Amino acid sequence: MVSKSLSVKNAKNPVQNPEIIKVPITTDQVACDGGHPVLGHPLTYYTFEGHQDFIECGYCDRRFVRK
Ligand SMILES: [Zn+2]
């Protein structure tokens, strides 16, 4: 039996263009709350690990790119 599914991804709003947020290359942690007080999501922190170039928010698909 598979208890974990990927159905969370299907429940999101149909976003056409996920926002791309550029952050300084020295950034090692970003926070995302969806950028909207009502339509957003709980403030969530993500940490860049190793040579990771970008982080994609699991809630709103925003992508934080290190430049
Ligand atoms: Zn987000």
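Residues numbered from 1 in each chain as written. Predicted model: local features only at pLDDT ≥ 70, side-chain atom pairs only at ≥ 80, totals over all residues.

Peer 1: Help me out: how do you make sense of the overall build of the chain in this one?
Peer 2: The number of helices and strands found in the chain is zero helices and five strands. Along the chain direction, N to C, the helices and strands of the chain fall in the order β-β-β-β-β. When each of the 67 residues of the chain is scored for burial, the buried share is 7%. Long-range pairs, those at least 24 residues apart, make up 40% of the contacts in the chain with a sequence separation of at least 6. (Helix = DSSP H or I, 4+ residues; strand = E, 2+ residues; numbered from the N terminus. Buried ≥ 20, exposed ≤ 12 C-beta atoms within 10 Å, placed from the backbone. Contact = placed C-beta atoms within 7 Å.)

Peer 1: Can you help me understand the sheet that holds strand β4 (residues 54–56) in this one?
Peer 2: Sheets are built from strands that pair by backbone hydrogen bonding, the pairs being arranged parallel or antiparallel. Read across the sheet, three strands follow the order β1-β5-β4 without closing on themselves; strand pairing throughout is mixed. Each of the sheet's edge strands pairs with one partner strand only, and the pair in question is β1 (20–23) and β4. Strand-to-strand twist of the sheet, defined as the mean angle between neighbouring strand axes without regard to direction, takes the value 20 degrees. Direction of pairing for β4 relative to strand β5 (residues 63–66): antiparallel, over a ladder of three bridges. Looking at the pairing, Ile55 lines up with Phe64 of β5. (Pairing = 2+ DSSP bridges. Axes fitted to C-alpha atoms, helices over the stretch in contact; angles between N-to-C directions.)

Peer 1: So what exactly am I meant to see when it comes to unusual backbone geometry here?
Peer 2: Here Asp61, not a glycine, exhibits a phi torsion of approximately 70 degrees, which is positive. Position of Asp61 relative to the elements: it lies in the loop between β4 and β5.

Peer 1: Sorry if this is basic, but what is going on with the environment of Leu43 here?
Peer 2: By secondary structure assignment, the location of Leu43 is in the loop between β2 (29–32) and β3 (44–47). C-alpha separation for the pair Leu43 and Cys32, spaced 11 residues apart in sequence, amounts to 5.6 Å.

Peer 1: Explain the environment of Cys57 here, please?
Peer 2: Relative to the elements of secondary structure, Cys57 occurs in the loop between β4 and β5. Accessibility expressed as a C-beta count within 10 Å gives 21 for Cys57, which makes it buried. Taking C-alpha positions, Cys57 is 9.8 Å from Val30, a pair spaced 27 residues apart along the chain. With near-sequence residues (within four places) excluded, Cys57 lies in contact with Cys32, Thr44 and Arg62.

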